[in-house]
Structure formats: structure tokens, C-alpha cells
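# Examining the three-dimensional arrangement
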Amino acid sequence: MGMVVLVTGVARHLGARFVAEVRRLPGVDLVVGVDVQPPRRPVEDPEGAAAPYRFHQLDLRRPAVARVIAEHGVDTVVHLAVSATGLGSTNRSSVKESNVIGTMQLLGACQKAPGVRRLVVKSTTGVYGSAPRDPAVFTERTQPKNLPGGGFAKDAVEVEGYVRGFARRRPDVAVTVLRFANIVGPGADTPLCEYFALPVLPTVLGYDPRLQFAHEDDVLAVLCRAALPPEPDTVNTGTFNVAGEGVLLLSQCARRLGRPTLPLLLPAISWMAALARQTRMVDFSPEQLRLLTHGRVVDTTRLRETFGYRPRFTTPEAFADFAAAQSAGLLPPARLAAVTDGLAALLGPEYAPAARSHPSRPRS
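Below or above, wherever it landed, is the structure these notes cover. Everything numeric here is computed off the predicted structure, so don't read it as measured data.

Right, let's get into the overall build of the protein chain. Helix and strand counts for the protein chain come out as 13 helices and 13 strands. Taking all 364 residues of the protein chain together, 49% fall into the buried category. A separation of at least 24 residues holds for 79% of the contacts in the protein chain among residues at least 6 apart in sequence. Element-wise, carbon and sulfur atoms account for 56% of the exposed surface of the protein chain, whose accessible area totals about 17100 Å².

What follows is the structure, encoded as C-alpha cells:
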């Protein structure tokens, strides 16, 4: 028999796309999807799909997932249900329960299933936190100076702790934890993408953080690679940072979108973020506010040299693809570029190279 893959979180955009991709992989005989809600769109057989698909509507916080694993003889589990937002609910406590309690139930079911041989868990670079005294670049072994105090990042820290415990109890299972940078793309539906969709971007006065992005196509490729046996001369078990090469400043992101920024003092933007969450206009969480204040950059050497994957999209390219799918901003990028070139011409030729090579400088 070939592989039987269980995928959690299939009602979301990323989960649905991953199901379509994994069904095309050689050696996969069956894909089983589970989520608390059915997918928004009916799952269609993608072109070239060989493996059949079965969906089970269930809550991971309940022990029913153990029955599904046993019923289908699952040997590979891809856990994508750890998310910053809940399906149909903005209640923070229910989201935390879904992330943490759901993962505990899933790991308990995997521990009791002797046929499970591989576990892949979607995590986030948010586990490193965002603080003013952070190192310039985080590696997988870097211990954060300040652990996340709440929100999705804290959920991910707890989830990774439970996964490490599972790996000790079941050393026969190949365990992979993928720490993704902020995921962007034409169909990405993350809280940060919602922030960038605002007509005016509130920012913290005096800060211009460095940001990294992972394109959704690269995310899918990494997940598929982690779900399969390793390719020659590579290792796909362990913990890996996943992000496109390079960085962008928040001000550069705003200009590429044509969005004006509204610099505010930190107390004012904190109040605005709380108001946005209460009105459900956008999920502007405290952890996202810290990211948009201090930024975060991770090292991806292990992804390239050990895991054996080099992202197709750099951070600027991933964000450009995301920006191309957004509605036109109030300040068209072409007009902004013309204004910048005009100012550089007025200031003199010695300023033009600097203006082109450094479109945005961090503020102290």
C-alpha cells in the first residue's frame, strides 16, 4: 500500500490547496481531511490527481480523530490547523483551545496509532517573539530573549512543546516542525494580509521594522517535501525556518501597495488595534503590533542546506505577487516612483543612486 495522509485544517485556503497538491504526489493512495467546518467551496478533483479524498467534519478537541486515524490506517499526519484566527469565531479562548487542546488530542491519537510514521506540524517564526533587543537574525537554535506573552505565537510555543514531548515518546515517528514567516500570496488569508489591505496603514511612530515573507507556493512545496520520505542527501525531520531570502521594511511594503501610512505613538496605535479587534474590522493582535514595531528576521540556512529546498520567491518577490492581487492604493506606486525620481533629480545626481538603492531607510 501507498501512503495514507491525514490533513487537518482543510477548510482554510492553505489546507485546501495542500490537499490538492498532496493528492498528486506519487505513492499517495488516500488523503483524509478533517476540520471543524466543511470547506467553503466543494473539493474538486484537481487535474492529475490520483489519490482519492475523504473529508470528516470533526472538532480536534474531541477524541474522534483517533477513530478516523484507525479507520483509514493513516501513516502520515500533516497538522495545519494551528492558526491565528478561528473559523467562524473571533473568541480568543476558543481559538487557543482549538490550537493547543486540539493539538494535544491529535498527538494523543497519533501516539496510540502504531501505523503513524510521519508527523508534520505547521508552526510560525512568531515563536521567537519581537522585542527591541532581539538578535538581528534568529536561527532554529536561538533562544528568544522574551517569549511571546500571548496570542497565536504563545499557542505555537505550547504546540511545539507538546510536539517535542511526542517525539520523545515515539522516536519511531519522523517529526518535522516548519516555522513559516508571514505567508503571503494572491489567496493568502492571514491577519497580516488583512492589515495590508487597509486603505491607510497605521504604523508606530519612529519605527520601520524589517519583515520577511514566505510565498504560499513555497509553503506548499515545503509541506509536500516534508510529508514524503527525504530525498537523497537531505534530512526533512527536525525544525526548519521557512522564509524567502531578503527583507523588506514596512515603509517599502506600504509604497509597493500604494498605501499611505499613519504614524502614531505606541499608546494610540494600541488603542486603535483594540478598537479594530472589537469591531472585527481587522485582527490587529498585540503580537502583530510588536512585529510591526520591532520586526523579525530568521536564518534559512538549514532549509536550503539540510532540508534541500531553496524558495522560488524571495521576500520582495513574494510580496510583489501579493501586492499585484490587491486593489489599487490611494497612492499609485508608479506615481510615487516618479515623485521620488523627481526629488532625486532636484537634489542632484549624487543623491540619485542612494534614492534608488535605499528606497526606505529605518528610522531610529
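Right, picking up where we left off after that structure.
This brings us to the nonpolar core. If you look at soluble globular proteins, the nonpolar side chains tend to sit buried side by side. Residues F18, L178 and L223 are the most contacted members of the largest nonpolar core, which totals 33 residues. Broken down by secondary-structure element, the contributors of at least two residues to this core are β1 (3-8), α1 (13-22), β2 (28-35), β6 (174-180), α6 (216-227) and β11 (238-242). Among the elements that make up this core, the one with the highest residue count is α6 (seven residues). Not counting the four nearest positions on each side in its chain, L223 is found in contact with F18, V78, L80, V120, L178 and F180. Grouped together as the second largest cluster of nonpolar side chains are 29 residues, I69, V77, L106 and L119 included.

Turning our eyes to something else, we now look at the sheet that holds β6. The parallel open sheet is built from seven strands, whose spatial order is β3-β2-β1-β4-β5-β6-β11. Either end of the sheet is taken by a strand with one partner, and the two such strands are β3 (53-57) and β11. When strand polarity is set aside, the average angle formed by the axes of neighbouring strands in this sheet is 20°. Judged from the seven bridges that link them, strand β5 (residues 118-124) and β6 form a sheet pairing that is parallel. Residue pairing in the sheet places V120 in a bridge with T176 of β6. Against the sheet, helix α4 (residues 151-169) engages β5 and β6, with an angle of about 160° to β5.

Counted under the stated rule, the structure contains eight aromatic pairs. Their ring planes at 65° and their centres at 6.3 Å tell us that F196 and F213 sit as a pair that is edge-to-face. Here F196, found in helix α5 (residues 191-196), pairs with F213, found in strand β10 (residues 213-215); they are 17 residues apart in sequence, far enough to count as distant. For F213, a relative accessible area of 0% puts it in the buried group. Ring geometry for F196 and F319: centres 5.1 Å apart, planes at 75°, overall edge-to-face. With a gap of 123 residues between them, F196 in helix α5 and F319 in helix α11 (residues 315-324) connect regions that are remote in the sequence. For the residue pair F196 and F319, the accessibility class agrees, reading buried in each case. Aromatic ring contacts, followed pair by pair, group Y195, F196, F213, F319 and F322 into a single cluster.

Of note in the backbone geometry, D233 takes a positive phi value of approximately 65° without being a glycine. Relative to the assigned elements, D233 resides in the loop between α6 and β11.

Where α11 is concerned, the buried positions are T315, A318, F319, F322 and A323. Relative to the axis of α11, the buried residues are bounded by an arc of 135° and lie together on one face. Residues of α11 that are buried in the fold lie against β7 (182-184), α5, β9 (210-211), β10, β12 (248-249) and α7 (250-257).

Time to look at the pattern of salt bridges. Across all of its chains, the model carries 14 salt bridges by this definition. The closest approach of N and O atoms between D59 and R61, which form a salt bridge, is 2.8 Å.

Turning next to the environment of R141. With respect to the helices and strands, the residue R141 is situated in the loop between β5 and α4. Looking at R141, the relative accessible area reads 77%, which means it is exposed. Between the C-alpha atom of R141 and that of T239, which follows or precedes it by 98 residues, the distance is 9.1 Å.

With that settled, consider helix α2 (residues 64-72). An α-helical turn contains 3.6 residues, so a residue and the one three or four places further along point in the same direction. All of the buried residues along α2 are V65, V68, I69 and H72. All buried residues of α2 lie within an arc of 100° about the axis, which places them on one face of the element. Taken together, the buried residues of α2 touch β1, β2, β3 and α3 (92-112). One or two positions beyond α2, positive phi appears at G73, with a value near 65°.

Rules of the game
Residues numbered from 1 in each chain as written. Predicted model: local features only at pLDDT ≥ 70, side-chain atom pairs only at ≥ 80, totals over all residues. Heavy atoms only, no water. Helix = DSSP H or I, 4+ residues; strand = E, 2+ residues; numbered from the N terminus. Buried < 20%, exposed > 50% of the residue type's maximum accessible area, 1.4 Å probe, protein only. Contact = heavy atoms within 4.5 Å. Areas by Shrake-Rupley, 256 points an atom, 1.4 Å probe, with all protein chains shown as cover. Core = buried A, V, L, I, M, F, W, Y, C linked by side-chain atoms within 4.5 Å. Pairing = 2+ DSSP bridges. Axes fitted to C-alpha atoms, helices over the stretch in contact; angles between N-to-C directions. Phe/Tyr/Trp six-rings, centres within 6.5 Å; stacked < 30°, edge-to-face > 60°. Arc of directions from axis to C-beta. Salt bridge = Lys/Arg side-chain N within 4 Å of Asp/Glu carboxyl O.

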